[in-house]
Amino acid sequence: MAQEQLVNDLEKALLERAEKLAEEYHDRAQRARQHILEDAHERLHIREQNEVLAAQAEAERLFRRQIQASELRLKSKLDKLRWQLIQSVLHELPKRLQKVRDDEESYLALLHELLVQAAGNIESRELVAEFNAADQARLKARWETFCADISPEKTIELAATPIVCSGGVLLRSGDNRIRIDNRFEGRIERFQDALLQVITERLFAADISLRGLFDD
């Protein structure tokens, strides 16, 4: 009986020990499971945050590209519109020049200035001035008076044959080796960059001054 009791006590002690170990392992497993779940949740949360940040960054890049593309399209349209406005002003230039020619007193003064400027840049003593048909007819009767004060050392002859131009004067040496093109067309071509700059700067002004085009 004593031995049997001893065996029962040993079995009971072993069983209690086994149950205690089982509880400990169960608690450990629960804690490990909870830790794994928390770690997985944290990893998932970090991944979601990273995905959100990446999506935000991609959205911002896409938005910037769209803005840049829109700005480029707008700039292209504005440049096109600006050029069209400049061209419309250039298209009106002949009409404005016609107004200059219609004011005979001012126009003759302008022709005189252009002739003086051209004569000062040609060293030859014998010069020939060429005008369009209307200006030639206008100046023929008063030619000597018109060019008398330009240079006492130079003789300026009025060409017998008119040239085709809208206005101004083409002055050349008698041997035709030196030419100063002060026709309207010549000066517009020569000062095209400056003219475009003036038009651009004064595009929305009430009046565009053309007089400066003929001042050196």
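Residues numbered from 1 in each chain as written. Predicted model: local features only at pLDDT ≥ 70, side-chain atom pairs only at ≥ 80, totals over all residues. Heavy atoms only, no water.

J.: I tried to follow the pairing of strand E4 (residues 179–183) on my own but got confused; where do I start?
T.: In summary, the side chains of a regular strand alternate between the two faces of the sheet. Only one face of E4 is buried, namely the one carrying Ile180 and Asn182, since none of Arg179, Asp181 and Arg183 on the opposite face is buried. Strand direction decides the pairing type here: strand E3 (residues 168–173) and E4, joined by 5 bridges, are antiparallel. Considered in E4, the bridge of Leu170 is made with Asp181. Turn length for the E3-E4 hairpin, with the two strands adjacent in sequence and antiparallel, is 5 residues, and the turn residue Asn176 shows positive phi of about 65°. (Buried < 20%, exposed > 50% of the residue type's maximum accessible area, 1.4 Å probe, protein only. Helix = DSSP H or I, 4+ residues; strand = E, 2+ residues; numbered from the N terminus. Pairing = 2+ DSSP bridges.)

J.: Help me out: how do you make sense of the sheet that holds E4 in this one?
T.: Working definition: the strands of a sheet are paired by backbone hydrogen bonds and lie parallel or antiparallel to each other. If you walk across this open sheet you meet the 4 strands as E2-E1-E3-E4, and the pairing is mixed. At either margin of the open sheet sits one strand with a lone partner, and together these are strand E2 (155–158) and E4. Recorded for the sheet is a direction-independent mean angle of 20° between the axes of neighbouring strands. As paired elements, strand E1 (residues 126–130) and E2 share 4 bridges and run parallel to each other. Across the sheet, Val128 pairs through a bridge with Glu157, a residue of E2. In this fold helix H2 (residues 104–120) packs onto E1, E2, E3 and E4, with an angle of close to 25° to the strand it touches most, E3. (Axes fitted to C-alpha atoms, helices over the stretch in contact; angles between N-to-C directions. Contact = heavy atoms within 4.5 Å.)

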